[in-house]
4 protein chains.
Amino acid sequence: MPKVGMAPIRRRQLIDAAISAIHEYGLADATVARIARKAGVSAGIVHHYFDGKNDLLFAAMRSLLEDLRRQAVARLARAHTPRERTYAIIDASFSCDQFSEEVMTAWLALYGSARHSDRLTRILRIYARRLHSNLTSALLPLLGRREAERVAEGTAAMIDGLWLQYALKGGVDPAHPRQMTRDYVDAQLAVKARVEA
Amino acid sequence: MPKVGMAPIRRRQLIDAAISAIHEYGLADATVARIARKAGVSAGIVHHYFDGKNDLLFAAMRSLLEDLRRQAVARLARAHTPRERTYAIIDASFSCDQFSEEVMTAWLALYGSARHSDRLTRILRIYARRLHSNLTSALLPLLGRREAERVAEGTAAMIDGLWLQYALKGGVDPAHPRQMTRDYVDAQLAVKARVEA
Amino acid sequence: MPKVGMAPIRRRQLIDAAISAIHEYGLADATVARIARKAGVSAGIVHHYFDGKNDLLFAAMRSLLEDLRRQAVARLARAHTPRERTYAIIDASFSCDQFSEEVMTAWLALYGSARHSDRLTRILRIYARRLHSNLTSALLPLLGRREAERVAEGTAAMIDGLWLQYALKGGVDPAHPRQMTRDYVDAQLAVKARVEA
Amino acid sequence: MPKVGMAPIRRRQLIDAAISAIHEYGLADATVARIARKAGVSAGIVHHYFDGKNDLLFAAMRSLLEDLRRQAVARLARAHTPRERTYAIIDASFSCDQFSEEVMTAWLALYGSARHSDRLTRILRIYARRLHSNLTSALLPLLGRREAERVAEGTAAMIDGLWLQYALKGGVDPAHPRQMTRDYVDAQLAVKARVEA
DNA sequence: AATGAATGAGCCTTCATTCAT
DNA sequence: TATGAATGAAGGCTCATTCAT
């Protein structure tokens, strides 16, 4: 049976299995055989749906980015004031999804490999640009462009730095880093307000 | 009697070569053969001075931590006021040494592998604890313990986040992230001063 | 569907090749590459069908035991009197199969390695127990249990000792050691008969 | 200090260490480094006193043969009747020295390797010839040459077979196999006596 | 005489990829 | 579409041997 339309399903299965394997064995030991076993398929099938192992891993990494994007989009849709929009972006980065063990491990692996893969570098470039641009957009109604960009940069650093700390320590309640980042934004805005006053 | 005292020299050679190989080929492709070639020795020698490849890589990672510690110690020795001490710690993290391509790549590789190696996890744990404790100590004369810890956590996040951003973008002037972090500390201290005023 | 049922065929091929390689190069130099070449397959395939080189060698040794068992079973099936049964066991040990160069070399290698491998020790334990128990069973109709066990022990020693001598000297007609062992049994039975007379 | 006359001492040290290493690690894993460590010397020294590892191992094997020869000579010197001489040879093979764990392991290793080393084959050839000739000489006063040789062959087989069984089972009281072999000789001589009567 | 640093060859094993079925 | 048998390359590691000291 030709089973039309299996492609997207299989690809998704394999991507999920890849992320799971990266979490369980580490990127270096996430072999095709292990990924395939996790997906419940044979090892050879990877080459039907991807151009080899690297391509699958790349797709998995890209899906991390996409998941994060969806989080941000969904939360931004429910935000109305500039501050809410800023919070929405912060909260997306500290959502439960982003703090799942598997996702954290995969992101860390991505950081660790990016410098030797143009494709992975590009993913992180897009992530950084998008985060910065989202934050700047959200802050622009409250601050001048220069200030907005500066605060956006600081906020992004805060997000990444706190995420990194918590990713390395293991599963912790994401409420704390989220609040820390909000405080940072609030402080920056407060300073600005005072300056303008 | 054969050449005496070669051990520390060879170990240092091999560690440097390992960091260099990680930079050039990536952690996954930093093979013993390549590391040895960079060190100008044969592949077999690695097992005279280290308990295998993993042990060498671990030693290399540990040397990253040690280099950073030395930076901090040296700069703290020249700092006198609390604020200077805080700046010293920040500056250590953004020193030229820490922004060399090889060092950044190796740290990133460390982040990427830590979750699957207890020994590497411990290195990062020590790094995080030390940074936090150094910052807290420096800030304590200016803030209450709670506040000092909070600001230390934020500052550490700022350092890691900015470092991460710049490490992934490639070589950039470290003056900017250093100033960003100083600004963060200044803002936090300013708020505090105002509250107390 | 891929080739089905290859497993037993390949395993047998590899076991035969292993025994052949042990004969040609010695156990110490029976490398995976050489065994694979003899089997006409690639070196990597060994790990599809065995848990590594040691497992293959162990399987080869076990097959020696199994071949000997089959010889004994076949000959016992055609034997009817107690003496014939005793002869059958002796003859199995001195059958042409057991005196092939390859088999002798492999058994010798087994003797030489057994003391450092529990699994190999067990093989030889089984061999010894089986030989002794077969001989005892065959002799029991003719002798009391004690005598039967004593004669069985002597016969087994005779078999092993003669086999060893001839295995080390190289290919010789097995008729002679066979007859020597039969003579031993006959003598023991004759003594017994006289005692009872 | 030139330390004249160290050669025989060092050679003996190394030979003993080799036998001990064979016992502890097995012939395949008796590396030069391990042997040297057991001898309390450096690894390189082996090549001062032997033509490499193989030569040392060969010397160790030869020393086994020599030890056995000394046992036989000593016991024969105290034997006076033909039967006593025959017993002496048997007893030498089952002396405590020959049943030490280290010696048994080394002999087994010798059996296992002989087929791929002419030098080792020669050692075993000498052993077999010497045993056979000693036994024949001892028996000649009691039997015709043909009979003497036949009984010598049987006795040698008995010795080797029983030794093998006990070497593989682990340390057992050597009194039993010794008695078994004596019984064999006694039976053979008794038969002969009766025939002649 | 003796050391142990250093080499280089070789081995076992793993693994991504291919391919016949 | 899917399997898993099979390959071949490569890597980590061991080890006998050499050699400067």
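Starting afresh in each chain, residues are numbered from 1 along the sequence in its written order. To label them, take the chains in the order written and letter them from A, then take the ligands in the order written and number them from 1. A pLDDT threshold of at least 70 governs which residues receive local features in this predicted model, and a stricter bar of 80 or more applies before side-chain atom pairs are shown or counted, although totals over entire chains, interfaces and linings include all residues.

Asks: Explanation requested: the overall build of chain A in the structure shown.
Replies: What chain A contains, in helices and strands, is 9 helices and 0 strands. Secondary structure elements of chain A occur, N-terminal to C-terminal, as α-α-α-α-α-α-α-α-α. When its C-alpha atoms are laid out on the principal axes, chain A stretches across 70 × 35 × 30 Å. Exposure is read from a count of other C-beta atoms within 10 Å of each residue's own; the residue is exposed at 12 or fewer, buried at 20 or more and partly exposed in between. C-beta atoms are placed from the backbone. Residue burial in chain A is summarised as follows: out of 197 residues, 40% are buried. Two residues qualify as a contact pair if the distance between their C-beta atoms, derived from the backbone, is within 7 Å. Taking the contacts inside chain A whose residues are at least 6 apart along the sequence as the reference set, 58% of them involve residues at least 24 apart. In DSSP terms, a helix is any run of H or I states spanning at least four residues, a strand is any run of E spanning at least two, and both are numbered starting from the N terminus.

Asks: Whenever I open this one, the protein's contact with DNA strand E confuses me. Can you help?
Replies: Neighbouring DNA strand E are 43 residues; Gly52 of chain A, Gly44 of chain B, Thr31 and Gly52 of chain C together with Gly44 of chain D lie closest to it. Listed by contribution, the elements that provide at least two residues to the surface near DNA strand E are helix H2 (32-39) and helix H4 (53-77) of chain A, helix H1 (6-25) of chain B, helix H2 (32-39) and helix H4 (53-77) of chain C together with helix H1 (6-25) of chain D. Polar here means any residue other than Ala, Val, Leu, Ile, Met, Phe, Trp, Tyr, Cys and Pro, which are nonpolar, and Asp, Glu, Lys and Arg, which are charged; Gly is therefore polar. For the surface near DNA strand E, the class distribution of residues is 19 nonpolar, 16 polar and 8 charged. Using the backbone to place each C-beta atom, any residue with that atom within 6 Å of a molecule or strand is considered near it.

Asks: Teacher, can you tell me more about the interface of chain A and chain B here?
Replies: How big an interface is tends to be stated in terms of the accessible area lost upon association of its parts. If you look at the interface, chain A gives 30 residues, while chain B gives 30 residues. By residue number, the principal contributor to the side of chain A that touches chain B is helix H8 (residues 145-169) of chain A, which donates 12 residues. Its residues placed into classes, the side of chain A that touches chain B shows 19 nonpolar, 8 polar and 3 charged.

Asks: Help me understand the relation of the copies chain A and chain B, please; the structure alone is not making it clear to me.
Replies: The second copy of the chain is related to the first by a rotation about an axis and a shift along the axis. When the copies are superposed, the least-squares fit takes in the C-alpha atoms of residues with a pLDDT of at least 70 in both. When chain A is fitted onto chain B, the two copies agree to an RMSD of 0.1 Å after a turn of 180° and an axial shift of 0.0 Å. Such a turn and shift between the copies fits a two-fold axis. Counting the interface residues of chain A, we find that 100% of their copies in chain B are interface residues as well, pointing to one common contact surface.

Asks: Even after reading the chapter, I still don't get the relation of the copies chain C and chain D, so can you show me in this structure?
Replies: With an RMSD of 0.1 Å, the operation that places chain C on chain D is a rotation of 180° combined with a shift of 0.0 Å along the axis. Comparing interface residues between copies, 100% of those in chain C also sit at the interface in chain D, which points to an isologous, same-surface contact.

Asks: Explain helix H6 (residues 101-114) of chain A here, please?
Replies: Because each turn of an α-helix spans 3.6 residues, side chains separated by three or four positions in sequence point in the same direction. To estimate the expected span of a helix, count its residues, drop one, and scale the result by 1.5 Å. Under the 1.5 Å per step criterion, the end-to-end length of H6 of chain A is 20 Å for 14 residues, consistent within 8% with the ideal 20 Å. For H6 of chain A, the buried fraction is high: 12 of the 14 residues fall into the buried class. Inspection of H6 of chain A places Val103, Met104, Thr105, Ala106, Trp107, Leu108, Ala109, Leu110, Tyr111, Gly112, Ser113 and Ala114 of chain A among the buried residues, and these make up the whole buried set. Buried residues belonging to H6 of chain A abut helix H1 (6-25), H4, helix H7 (118-139) and H8 of chain A together with helix H6 (101-113) and helix H8 (145-169) of chain B.

Asks: Can you walk me through H1 of chain A in this structure?
Replies: Residues and elements named next belong to chain A. Under the 1.5 Å per step criterion, the end-to-end length of H1 is 27 Å for 20 residues, consistent within 8% with the ideal 28 Å. Residues of H1 that are buried: Leu14, Ile15, Ala17, Ala18, Ile19, Ala21, Ile22 and His23. On its buried face, H1 sits against H2, helix H3 (46-49), H4 and H6. Backbone geometry just after H1 places Gly26 at a positive phi near 90°.

Asks: Teacher, can you tell me more about the protein's contact with DNA strand F here?
Replies: Surrounding DNA strand F, one finds 42 residues, the nearest of these being Gly44 of chain A, Gly52 of chain B, Ser42 and Gly44 of chain C together with Gly52 of chain D. At the level of elements, H1 of chain A, helix H2 (32-39) and helix H4 (53-77) of chain B, helix H1 (6-25) of chain C together with helix H2 (32-39) and helix H4 (53-77) of chain D are the ones that each hand at least two residues to the surface near DNA strand F. Class assignment for the residues of the surface near DNA strand F results in 19 nonpolar, 15 polar and 8 charged.

Asks: Sorry if this is basic, but what is going on with the confidence of the model for chain A here?
Replies: Do not read the fine detail of predicted coordinates wherever pLDDT is low. pLDDT is a per-residue confidence score from the predictor, ranging from 0 to 100. Residues at a pLDDT of 70 or more form 95% of chain A, whose mean pLDDT is 93. When pLDDT is averaged over each helix and strand of chain A, the minimum, 87, is found for helix H9 (residues 175-196) of chain A and the maximum, 98, for H2 of chain A.

Asks: Just checking my understanding: could you explain the packing of helix H5 (residues 82-93) of chain C against helix H7 (residues 118-139) of chain C for this structure?
Replies: Two quantities define a packed helix pair, namely the angle between the helix axes and the distance between the axes. Residue and element names in this part refer to chain C. Every axis corresponds to a line fitted to the C-alpha atoms, with the helix fit spanning only the stretch in contact, and the corresponding angles, defined between N-to-C directions, vary from 0 to 180 degrees. Contact geometry for H5 and H7: axes closest at 8 Å, N-to-C directions at 165°. It follows that H5 is roughly antiparallel to H7 by the angle criterion. Between H5 and H7 lies a crossing of left-handed hand. On H7, the residues touching Pro82, Arg85, Thr86 and Ile89 of H5 are Asn134, Leu135, Ala138 and Leu139. Broken down by class, the residue content of the contact of H5 with H7 amounts to 5 nonpolar, 2 polar and 1 charged. The scheme is simple: roughly parallel for angles under 35 degrees, roughly antiparallel for over 145, roughly perpendicular for 65 to 115, oblique for anything else. Should the near helix be turned counterclockwise from the far one by less than a right angle, the crossing is left-handed, whereas a clockwise turn marks it as right-handed.

Asks: It is not clear to me how the arrangement of the chains should be interpreted in this structure. Could you clarify?
Replies: Looking at chain A next to chain D, you find no contact at all, with the nearest C-alpha pair sitting 30 Å apart. Of all C-alpha pairs spanning chain B and chain D, none lies closer than 12 Å, and the two are not in contact.

Asks: Explain the interface of chain C and chain D here, please?
Replies: Residue-level contacts link 30 residues of chain C with 30 residues of chain D. Looking at the side of chain C that touches chain D, the elements with two or more residues in it are helix H6 (101-114), H7, helix H8 (145-169) and helix H9 (175-196) of chain C. Partitioned by chemical class, the residues of the side of chain C that touches chain D number 19 nonpolar, 8 polar and 3 charged.

Asks: Even after reading the chapter, I still don't get the environment of Gly5 of chain B, so can you show me in this structure?
Replies: Residues and elements named next belong to chain B. Its place among the elements puts Gly5 in the segment before H1. By C-beta crowding, Gly5 is classed as exposed, having 7 other C-beta atoms within 10 Å. Note: C-alpha distance between Gly5 and Ile45 (40 residues apart in sequence) is 15 Å.

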